[in-house]
Amino acid sequence: MDSMNLIVAKNIRRLREERNLSMEELARLSGVSKSMLAQVERGDGNPTLSTLWKLSNGMKVPFDALTVRPKAPYEIVKISEIEPLSEDDGKVKNYPIFPDDENRRFAVYYLELEPESYWQSEPHLRGTTEFITVFTGTIEIIADRQCFPVAEGESIRFKGDTIHSYRNTGAETAVLHMILYHS
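Residues numbered from 1 in each chain as written. Predicted model: local features only at pLDDT ≥ 70, side-chain atom pairs only at ≥ 80, totals over all residues. Heavy atoms only, no water.

### Some words on the pattern of salt bridges
Link 1 in the chain: A complete count under the given rule lists 9 salt bridges for this structure.
Link 2 in the chain: Across the pair Arg 16 and Glu 41 runs a salt bridge whose closest N-O atoms are separated by 2.6 Å. Here the residue Arg 16 occupies a position in helix 1 (residues 4-18), and Glu 41 occupies one in helix 3 (residues 34-42), the gap between them amounting to 25 residues. Pair check on accessibility: Arg 16 and Glu 41 agree, each one buried.
Link 3 in the chain: Shared partners join several salt bridges into a network, and the residues in it are Arg 13, Arg 16, Glu 17 and Glu 41. (Salt bridge = Lys/Arg side-chain N within 4 Å of Asp/Glu carboxyl O. Helix = DSSP H or I, 4+ residues; strand = E, 2+ residues; numbered from the N terminus. Buried < 20%, exposed > 50% of the residue type's maximum accessible area, 1.4 Å probe, protein only.)

Okay, here's the thing in structure tokens:
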């Protein structure tokens, strides 16, 4: 199985070329420098979630289109075999379990947020709703300028097409599942 960086690299290049965008045009549309874009497309380095969100928004594709793996008629996904996308110096780990294939309209993620970690997400595509269930720990989500504490065994749904954030407010690693639905 290709590393997540190579999967992302292949998908970004394919999506950029399908849209007849040069690297310069995508850099301008996304706010990501051409040199960073070239590095990401080569599979070098470790792009942050913020960088990938900017690229997906620049191409007007669901974020998950960047992380989708090659298709098979069935799929068993082992989190231990997925390279997570990270933020906050690696304290936030986002594992794309079932990325959106641009036709499914939803994606499933597994996240781990270490104590005191924080991640502010760029807005998703217009009409995106997030569904989150916390399995371990306690998090605080700020969405639509409101603060929502969400504890173990609780779930939340909110509009994901505006800036929103996640903070682990507990003393243990928070584990949660996220479903992004694109209407």
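### Observations regarding the nonpolar core
For soluble globular proteins, nonpolar side chains are generally found buried alongside one another.
Link 1 in the chain: One finds Ile 12, Leu 52, Ile 132, Ile 139 and Ile 141 to be the most contacted residues of the largest nonpolar core, which totals 47 residues.
Link 2 in the chain: Here the element with the most residues in this core is strand 3 (residues 106-113); it accounts for 6 residues.
Link 3 in the chain: Excluding residues that lie within four positions of it along the chain, Ile 12 makes contacts with Leu 26, Leu 37, Val 40, Glu 41, Leu 52, Leu 55, Met 59 and Leu 66. (Core = buried A, V, L, I, M, F, W, Y, C linked by side-chain atoms within 4.5 Å. Contact = heavy atoms within 4.5 Å.)

### Things to note about the sheet that holds strand 6 (residues 138-143)
Link 1 in the chain: Strand order in the open sheet formed by 4 strands is 4-9-6-7, and the pairing between neighbours is antiparallel. The open sheet terminates on both sides in strands that have one partner only, identified here as strand 4 (118-121) and strand 7 (146-151). When the angles between neighbouring strand axes are averaged without regard to direction, this sheet yields 15°.
Link 2 in the chain: Here strand 4 runs beside strand 9 (residues 164-168); their pairing, made up of 4 bridges, is antiparallel. Across the sheet, residue Gln 120 finds its bridge partner in strand 9, namely Ser 165. (Pairing = 2+ DSSP bridges. Axes fitted to C-alpha atoms, helices over the stretch in contact; angles between N-to-C directions.)

### Focus on helix 2 (residues 23-30)
Link 1 in the chain: Buried within helix 2 are the following residues: Met 23, Leu 26, Ala 27 and Ser 30. End-on, the buried residues of helix 2 take up no more than an arc of 105°, which puts them together on one face.
Link 2 in the chain: Looking one or two places after helix 2, you find Gly 31, whose phi comes out positive at around 80°. (Arc of directions from axis to C-beta.)

### A closer look at the environment of Ser 35
Link 1 in the chain: As for its placement among the helices and strands, Ser 35 is situated in helix 3.
Link 2 in the chain: The exposed category is assigned to Ser 35, whose relative accessible area is 55%.
Link 3 in the chain: Separated by 89 residues in the primary sequence, Ser 35 and His 124 have C-alpha atoms spaced 24 Å apart.

### Considerations on the packing of aromatic side chains
Link 1 in the chain: For the structure shown, the criterion picks out 4 aromatic pairs.
Link 2 in the chain: Here Trp 53 and Phe 63 contribute two aromatic rings whose centre-to-centre distance is 4.2 Å and whose plane-to-plane angle is 25°, an arrangement assigned as stacked. Pair noted here: Trp 53 is in helix 4 (residues 49-59) and Phe 63 is in the loop between helix 4 and strand 1 (85-87), with a separation of 10 residues, a long-range link.
Link 3 in the chain: What makes Trp 53 buried here is its relative accessible area of 5%.
Link 4 in the chain: Each member of the aromatic cluster is reached from another via a ring pair, and the members are Trp 53, Phe 63 and Tyr 109. (Phe/Tyr/Trp six-rings, centres within 6.5 Å; stacked < 30°, edge-to-face > 60°.)

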